[in-house]
Amino acid sequence: MKKKVVVIGSGLSAIGAIRALVELGYKPIVIDVALGLDPSLAKKMDLLSRKKPVDWSDEERRSLSENPSASNEKGIPRKLLFGSDFFYGDSSIDAPIIADGDMPPFSYAKGGLSEAWGAASLPPSDSDLDDWPEEARNMDIYISKLLENLPYSAVDDGISLDFPILNSRPAALKNSAADSVILSTLERRVKLEKGRFLFGQARLLVYSGDSISSERSCKYCGNCMGGCVFGSIYKASSEIDELIKNNLIDYLPGSLVDEVKEDGDSVTVFYYNDEHRLSVSADKVYLAAGAVNSTRIVMNSRKSKRSVRLKSRGGYLVPLFSFKTLPISWPETNTQPGVFLELNGGFLKKWVHVQVSSENELFYARLRFNGKENGLIGRVKGFLLSHVAIAFVNFHSDYGPEYELTRTENTSEKPILLSRKIAASGYRRNALVSVMRLAVKLIPCGLVPMFPVLVENGGSYHVGGTLPMKEHPSGEFETDVLGRLSCWKNIHVVDTSTFPSLPGTSIGLATMANAMRIVFSSFKSENDLST
């Protein structure tokens, strides 16, 4: 008789777990809050998707990337989806959170934070996982398996010296003319150095013209940073919809999990739905609610008052002034980052991941550029935009800020999760070393980092590490290589909560691969015990 299996959440880690379960022949119950885009806005975006981008009016184009934070002269613009921030989690009646400082990033949306992610997909280097258990570090086989059924824009270029492409049939997007200028200049002027400095075309989970789904292929509409109406950028929610359509999962939306309890070989999941507290029993539970929510569920389940540390990646944004003209293709281009730079070695102890964006509608919005202005102001803006690219620099979590999470109990109310942000250790040194390394490599190419306008990224959408995997777990909140606390046998945490550290490279594929590994390994270990 098949086991009854529950997956909590619907983001990238949930997809990794569900794919493995479906392959093993299971039809999991997926419990999810499943917030979505406002129906009227979703309908508006659907209508736009039925038009060719060339037929969009100026007003329709503006509505796609509407973002008040883009016009703010200070700070990095906040990612939105068609002008909506619905996918960002906040304190709620059933799961109250009080933050001292910035709220740590989490989501109650169907698909989680992947609803508006950038889709960058560079798996981590083994050297950045030196504090991970050996079994968990071996994820290439699972990443390759995932990429067989994911859109993957990639080129087997210089980046592959340290970061293998792990797919035999990648389908690359067309580079913008500006990205091509940057890459060709790098190829002529800079030497690739294995383990120290790499560059190449950005790797993205995006449907190109040769992808596995031509219907979703990129239309080069110039509005990637605020969401894609054509579904060209991979989102976990789209895969959840397909799983529901094909009757491969039982989906319970509108459900916020509160705690889990294990009694012998049975697990009970308690959740709120329309203010009612309900429960479902299962043989196995995979907790994939995202680092903050999974930590909340674990702390509620353990009735723990002990604080844990939530790790985050740090970094900064710095404009690059180009002495060469960078041709403006916008809006007939893809505006996601087109170039990756990877720095390591010397005073840099972990890989620093740099995404270079030559045409970015959020930057255009900050300068109020629409490509149609005439006169002196229009010429000045045009000159600036044809000579500036944006570098988004990402650090390993060793150099990022942290959040201290503490559960407090009130007899008359639901438990409250308190969050306190803690400044990054070693950030300034790492920022100085990395920006100097960038200058040394890029200035000979006619690209000058504009240090005076460098903007610190005090946190990121990537957090984890509250329930770190260990070869031999000993602490109350340490997990084994199958994502289990010492008191649990059939409850597995499969999201970034279990990451001992967060690499500076993008972690989406690593998140999915780790979840897939845990599911396959958890069933294999049971089979080994039963034989």
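Position numbers for residues start from 1 in each chain and track the written sequence from start to end. It should be noted that, the model being predicted, local features are given only for residues of pLDDT at least 70 and side-chain atom pairs only at 80 or more, the latter also being counted only at that level, while totals for whole chains, interfaces and linings use all residues. Based on all heavy atoms of the structure, the side-chain values leave hydrogens and waters out of the count.

Peer 1: Provide a residue-level description of the pairing of strand β11 (residues 315-322), including the pertinent values.
Peer 2: For β11, the tally of buried residues reaches 7 of 8 residues, placing the bulk of the element in the interior. Any two strands are treated as partners once DSSP identifies two or more bridges connecting them. Secondary structure elements are taken from DSSP: a helix is a run of H or I of four residues or more, a strand is a run of E of two residues or more, and numbering for both begins at the N terminus. Bridge analysis of β11 against strand β14 (residues 388-394) gives 7 bridges, and the strand direction is antiparallel. Counterpart to F321 in the pairing with β14 is V388. Of the strand pairs in this sheet, β11 and strand β18 (residues 455-457) are connected by 3 bridges, and their pairing is antiparallel. Working definition: with a 1.4 Å probe on protein chains only, accessible area under 20% of the residue-type maximum means buried, over 50% means exposed, and in between means partly exposed.

Peer 1: Talk me through the packing of aromatic side chains; I want residue IDs and the actual numbers.
Peer 2: The criterion for an aromatic pair is that two Phe, Tyr or Trp rings (for Trp, the six-membered ring) have centres within 6.5 Å, with stacked assigned to planes under 30 degrees apart, edge-to-face to planes over 60 apart and tilted to the rest. This structure, assessed with the given rule, holds 12 aromatic pairs. Taken together, the ring pairs connect F86, F87 and Y88 into an aromatic cluster. Here, a charge over a ring means that NZ of Lys or CZ of Arg falls within 6 Å of the ring centre while also lying within 35 degrees of the ring normal. Of note, K174 hangs over the ring of Y220, and the distance from its end group to the ring centre comes to 4.5 Å. A cation over an aromatic ring shows up here: K284 above the ring of F523, its NZ or CZ 6.0 Å from the ring centre.

Peer 1: I'd like a rundown of helix α6 (residues 177-189), residues and numbers included.
Peer 2: For α6, built from 13 residues, the straight-helix expectation of 18 Å at 1.5 Å per residue is met to within 8% by its first-to-last C-alpha distance of 18 Å. Residues A178, D179, I182, L183, T185 and L186 constitute the buried set of α6. Along α6, the residues classed as buried sweep out an arc of 160 degrees about the axis, all on the same side. Facing away from the buried side of α6 by over 90 degrees, the exposed positions are E187 and R188. Here, expected helix span is obtained from the residue count minus one, scaled by 1.5 Å. Note: the arc covers the axis-to-C-beta directions of the helix.

Peer 1: An account of the sheet that holds strand β8 (residues 276-282) is requested, with residue identities and associated values reported.
Peer 2: Across the sheet, which stays open at both edges, the 3 strands sit in the order β6-β7-β8 with antiparallel pairing between neighbours. Edge strands, defined here as strands with exactly one partner in the open sheet, are β6 (256-263) and β8. Geometrically, the sheet is characterised by an average inter-axis angle of 20 degrees between neighbouring strands, direction not taken into account. As judged from the 7 bridges shared by β6 and strand β7 (residues 266-273), these two strands associate in the antiparallel manner. Each residue of the ladder has a partner; that of V257, found in β7, is Y271. The convention used is that axes are lines fitted to C-alpha atoms, helices contributing only their stretch in contact, and that angles between N-to-C directions extend from 0 to 180 degrees.

Peer 1: Tell me about a nonpolar patch on the surface, and name the residues and values.
Peer 2: Each patch is built from residues lacking any salt bridge and having more than 30% relative accessible area; the joining distance is 9 Å for like charges and 5 Å for nonpolar side chains (Val, Leu, Ile, Met, Phe, Trp, Tyr). Values of accessible area rely on a 1.4 Å probe in the Shrake-Rupley scheme; residue burial ignores everything except the protein chains shown. By definition, a salt bridge exists where a carboxyl oxygen of Asp or Glu is found within 4 Å of a side-chain nitrogen of Lys or Arg. On the surface, a nonpolar cluster with roughly 300 Å² of combined accessible area is contributed by L432, M436 and F451. Secondary-structure assignment places M436 in helix α11 (residues 427-442). Looking at M436, the relative accessible area reads 43%, which means it is partly exposed.

Peer 1: Just give me the short version of the sheet that holds strand β20 (residues 491-493), but keep the residues and values in it.
Peer 2: Read from one edge of the open sheet, 5 strands run β5-β2-β1-β9-β20, paired in parallel fashion. Where the open sheet ends on each side, the last strands, each with one partner, are β5 (250-252) and β20. With strand direction ignored, the average angle separating the axes of adjacent strands in the sheet is 20 degrees. Taken together, the 4 bridges between strand β1 (residues 5-8) and strand β9 (residues 284-287) define a ladder with parallel strand orientation. Of the residues in β9, the one forming a bridge with V7 is Y286.

Peer 1: Please provide a residue-by-residue account of empty space enclosed by the protein, values included.
Peer 2: One way to see where empty space is left: roll a probe the size of a water molecule over the atoms. Using a 1 Å grid laid over the protein atoms alone, points where a 1.4 Å probe fits but cannot get out form a cavity; open sets with protein on both sides within 12 Å along at least 5 of 7 lines form a pocket; any residue with an atom within 4 Å of a point counts as lining. Grid points are joined across faces, edges and corners, and a volume is the space filled by probe spheres set on the points. For the structure on display, the rule yields 5 cavities of 30 Å³ or more. There is about 100 Å³ of room inside the largest cavity. Together, 15 residues line the largest cavity, and E115, G227, C228, I233 and K235 are the ones closest to its centre. Classification used: nonpolar for Ala, Val, Leu, Ile, Met, Phe, Trp, Tyr, Cys and Pro, charged for Asp, Glu, Lys and Arg, polar for all others including Gly. Tallied by class, residues from the lining of the largest cavity come to 8 nonpolar, 4 polar and 3 charged. Considering only enclosed or pocket space, the second largest cavity measures out at about 80 Å³ in volume. Along the wall of the second largest cavity there are 14 residues; nearest its centre are L173, N175, L204, P337 and G338. For the lining of the second largest cavity, the class distribution of residues is 4 nonpolar, 8 polar and 2 charged.

Peer 1: Outline the environment of L454, listing residues and values.
Peer 2: Here L454 is to be found in the loop between β17 (447-449) and β18. Remark: the alpha-carbon pair of L454 and A391, spanning 63 residues in sequence, is separated by 9.8 Å. Apart from the residues within four sequence positions on either side, L454 is in contact with Y316, L317, V318 and V435. A contact between two residues is defined here by any heavy atoms of the two lying within 4.5 Å.

Peer 1: So what's going on with the pattern of salt bridges? Which residues, and what values?
Peer 2: Evaluated as defined, the whole model comprises 24 salt bridges. For R277, the salt bridge identified is with D258, shortest N-O distance 2.8 Å. On the criterion of sequence distance, the pair formed by R277 in strand β8 and D258 in strand β6 is long-range, its members being 19 residues apart. The salt bridge partner of E409 is R407, with a shortest N-O separation of 3.0 Å. The structure contains a network of salt bridges with shared partners spanning D258, E259, R277 and K303.

Peer 1: Describe helix α1 (residues 12-23), listing the residues and the values that go with them.
Peer 2: With 12 residues, α1 extends 17 Å from end C-alpha to end C-alpha; this agrees with the ideal 16 Å at 1.5 Å per step. The buried fraction of α1 amounts to 10 of the 12 residues, a majority that puts the element mostly inside the structure. Positive backbone phi, approximately 95 degrees, marks G25, located one or two places after α1.

Peer 1: Explain the packing of α1 against helix α7 (residues 236-245) residue by residue, including any values.
Peer 2: Their axes nearest at 9 Å, the elements α1 and α7 cross at an angle of 35 degrees. By crossing handedness, the relation of α1 to α7 is classed as left-handed. Residues L12, I15, I18 and R19 of α1 form the contact with α7, whose participating residues are A236, E239, I240 and L243. Residue composition of the contact of α1 with α7, grouped by class: 6 nonpolar, no polar and 2 charged. We call a crossing left-handed when the near helix sits turned anticlockwise from the far one by less than a right angle, and right-handed when that turn is clockwise.

Peer 1: Let's hear about unusual backbone geometry: which residues, and what values?
Peer 2: Following W330, the chain continues to P331 via a peptide bond in cis, the omega torsion being 10 degrees. Here P331 lies in the loop between β11 and β12 (339-345). With a phi angle near 55 degrees, F82 is a residue other than glycine that sits in the positive phi range. Considering the arrangement of structural elements, one finds F82 in the loop between α3 (58-64) and β3 (97-100). The residue D274 is not glycine, and still its phi comes out positive at about 50 degrees. Among the structural elements, D274 can be located in the loop between β7 and β8.

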